[in-house]
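In case you want the letters, here they are:
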Amino acid sequence: MPTASSLLSAYASLSTSIMLFRTMFNQLFPRELQRYVADAVRFYWKPKSSKLTLVFDEKDGMVANHIYDAAEAFLCTRINPDSERLRITKSVKKALYHKLADSEEIVDSLKNPVYMEESVNLDHPSTFDTLAMDPMMKKAIMDDLDLFLKRRDFYKRLGKAWKRGYLLYGPPGTGKSSLIAAIANYLKFDIFDLQLMNIGGDSSLKKLMLRTSNRSILVIEDIDCSIQLPGRKGITTSTLPDAHYKPVRDPQFSLSGLLNFIDGLWSCCGDERIIIFTTNHKERLDPALLRPGRMDVHIHMSYLTTDGFNTLAANYLNIDHHWRFREIQTLIEIQDGYASGGG
Ligand SMILES: Nc1ncnc2c1ncn2[C@@H]1O[C@H](COP(=O)(O)OP(=O)(O)OP(=O)(O)O)[C@@H](O)[C@H]1O
């Protein structure tokens, strides 16, 4: 057992050595190196926290920080103004998990954490050349787009927003998305894909619409089934989906909100914009959405014609004849006959 005096003398010699080491360290090494060593020691010795604080500044210098806007728009669909803390976790397999207060919980899927996907560099190969579509119809669409782009003064003179709405309707898999890509490639516009089911309310919608750039195409796909829009008088009949449809969640914005934004919001912010709606069931849409000024051009995308088949065979297989073409063309004609009620 060490005596008190030996302990005291060990302590005295240890503290003398430390003081000597500190003095030498301070004199021999530059201040920057000392700070670096101190930081490294602190980093390895500090107890590790499981918490991570993300700070999004509202402004990046003098300009607005887009990440702040995106975070704000996203969070205001998930939390109410009374919530003070938001806890978000995500394990490897499970969905993104938000915990607001002790009594309030929301589970979200990471599939669509942000509800507007911005595709600035469109890399979709579809063009009007590769699209299987009646040549007259193709030309009519391209002419309409060209005319629209030339008519800035016309819209200005009328005091109307310089925008054009298209509705693409028809059975699934008939080329609606391909046509959207072809239009974007033709005009060299950006595409903004608006996911209605993820929008929390009119104000979020407004914010999102304002974030779309000029010379852009706003796409609202499957308008009849992405959300159950309340009608202008609150009646949810006009866009009723089929019996199997389950809305992802109740919408917190109204059809009138959507229509007003489409009509009014872009009028104050400059250049040309195109909005494209797609649906497999045009008959389910409210006439208020279908009228010119909102959906100016209605394009029916239908099943393959003989010409369309030839285009696809050339695009995909690089062939313009084959011994089975005749057989396929006969089948298409029979199908056409059924579709037009002749069969
Ligand atoms: N008219 C067409 N021209 C060229 N490719 C087509 C055409 N129709 C379908 N396709 C091809 O078929 C696939 C499905 O087409 P697309 O996604 O454009 O259809 P859609 O009408 O948008 O379908 P959905 O209504 O299910 O979203 C794509 O690979 C596309 O290349």
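In the block above lies the structure referred to throughout.
Residues numbered from 1 in each chain as written. Predicted model: local features only at pLDDT ≥ 70, side-chain atom pairs only at ≥ 80, totals over all residues. Heavy atoms only, no water.

Colleague: Summarise the overall build of the chain; cite the residues concerned and give the values.
Modeller: Along the backbone of the chain there are 11 helices and 11 strands. By residue count, 32% of the 343 residues in the chain fall in the buried class. Pairs at least 24 apart in sequence give 69% of the contacts found in the chain among residues at least 6 apart. (Helix = DSSP H or I, 4+ residues; strand = E, 2+ residues; numbered from the N terminus. Buried < 20%, exposed > 50% of the residue type's maximum accessible area, 1.4 Å probe, protein only. Contact = heavy atoms within 4.5 Å.)

Colleague: Account for the nonpolar core, with residues named and values stated.
Modeller: Formed by 25 residues in total, the largest nonpolar core has its most connected members in Leu179, Ile183, Ile217, Ile274 and Ile299. When residues of this core are traced back to their parent elements, those giving at least two are helix H4 (135-150), strand S7 (163-169), helix H6 (176-187), strand S9 (216-220), strand S10 (273-279) and strand S11 (297-300). Leave out the neighbours within four places in its chain, and Leu179 touches Phe128, Leu131, Met133, Ile141, Leu168, Ile299 and Met301. Residues Leu205, Leu208, Ile275 and Leu289 belong to the second largest nonpolar core, which totals 17 residues. (Core = buried A, V, L, I, M, F, W, Y, C linked by side-chain atoms within 4.5 Å.)

Colleague: Explain the layout of surface pockets residue by residue, including any values.
Modeller: In this approach the atoms are scanned with a rolling probe the size of a water molecule, which exposes any empty space left behind. Within this model, the second largest pocket holds a volume of roughly 640 Å³. Around the second largest pocket, the lining is made up of 26 residues, and of these Ala132, Met133, Thr174, Gly175 and Leu304 lie nearest the centre. At the level of secondary structure, the elements contributing two or more residues to the lining of the second largest pocket comprise helix H10 (306-317) and helix H11 (325-339). It is H10 that provides the largest number of residues to the lining of the second largest pocket, a total of 4 residues. Each residue belonging to the lining of the second largest pocket can be placed in one class, and the counts come to 11 nonpolar, 13 polar and 2 charged. Of the residues that make up the lining of the second largest pocket, three or more belong to each of domain 3 (116-300) and domain 4 (306-339). (1 Å grid on protein atoms, 1.4 Å probe; cavity = no way out; pocket = protein on both sides within 12 Å on 5 of 7 lines; lining within 4 Å. Points joined across faces, edges and corners; volume = space filled by probe spheres on them. Nonpolar A, V, L, I, M, F, W, Y, C, P; charged D, E, K, R; others polar. Domains from an automatic or database assignment.)

Colleague: Please give an account of the environment of Pro125 that cites residues and values.
Modeller: In this fold, Pro125 is placed in the loop between strand S6 (116-119) and H4. Sequence spacing of Pro125 and Ala181 is 56 residues, and the spatial spacing of their C-alpha atoms is 7.7 Å. Residues in contact with Pro125, not counting those within four places in the same chain, are Thr130 and Asn185.

Colleague: Can you tell me about H6, naming the residues and giving the values?
Modeller: Look at H6: 17 Å from first C-alpha to last across 12 residues, which is about the 16 Å you get at 1.5 Å a residue. Within the sequence span of H6, burial applies to Lys176, Leu179, Ile180, Ala181, Ala182, Ile183, Ala184 and Leu187. Those residues of H6 hidden inside the fold are in contact with H4, S7, strand S8 (190-194), S9, S10 and S11. Note on H6: the residue one or two positions beyond its end, Lys188, has a positive phi of about 60°. (Expected span 1.5 Å × (residues − 1).)

Colleague: Which residues make up the site of the ligand, and what values do they have?
Modeller: Surrounding the ligand, one finds 13 residues, the nearest of these being Ala132, Gly173, Ser177, Ser178 and Tyr316. A distance of 3.1 Å separates an oxygen atom of the ligand from a polar backbone atom of Gly175. At 3.4 Å, a side-chain N or O of Asn280 approaches an oxygen atom of the ligand. Contact with the protein chains covers 67% of the free accessible surface of the ligand, which is 630 Å². Secondary structure elements with two or more residues in the shell around the ligand: H6 and H10. Residue contributions to the shell around the ligand peak at 3 residues, all from H6. Split into classes, the residues belonging to the shell around the ligand amount to 5 nonpolar, 7 polar and 1 charged. (Near = heavy atom within 4 Å. Polar contact = N/O pair within 3.5 Å; in protein donor to acceptor, adjacent residues only side chain to side chain. Areas by Shrake-Rupley, 256 points an atom, 1.4 Å probe, with all protein chains shown as cover.)

Colleague: Break down the pattern of salt bridges for me, citing the residues and quoting the values.
Modeller: Oppositely charged side chains are able to pair whenever their charged atoms sit close together. Under the defined criterion, the tally for this structure stands at 5 salt bridges. Two residues, Asp144 and Arg164, come together in a salt bridge whose shortest N-O distance is 2.8 Å. With Asp144 in helix H4 and Arg164 in strand S7, this residue pair connects regions lying 20 residues apart in the sequence. The residues Asp144 and Arg164 share a single accessibility class, namely buried. (Salt bridge = Lys/Arg side-chain N within 4 Å of Asp/Glu carboxyl O.)

Colleague: Any details on the pairing of S11? Residues and values, ideally.
Modeller: Here S11 shows a clear split, with Val297 and Ile299 buried on one side and none of His298 and His300 buried on the other. Pairing analysis gives 4 bridges linking S7 to S11, with the strands arranged parallel. Counterpart to Leu167 in the pairing with S11 is His298. (Pairing = 2+ DSSP bridges.)

Colleague: Explain the packing of H4 against H6 to me, and be specific about the residues and the numbers.
Modeller: Put simply, H4 and H6 touch, their axes get as near as 11 Å, and they point 45° apart. Classified by the interaxial angle, the pair formed by H4 and H6 is oblique. Taken as a pair, H4 and H6 cross one another with a handedness that is right-handed. Counted together, Ile141, Met142, Leu145, Asp146 and Leu149 of H4 and Leu179, Ile183, Tyr186 and Leu187 of H6 form the full contact between these two elements. A per-class count over the contact of H4 with H6 returns 8 nonpolar, no polar and 1 charged. (Axes fitted to C-alpha atoms, helices over the stretch in contact; angles between N-to-C directions. Parallel < 35°, antiparallel > 145°, perpendicular 65-115°, else oblique. Left-handed = near helix turned anticlockwise from the far one by under 90°.)

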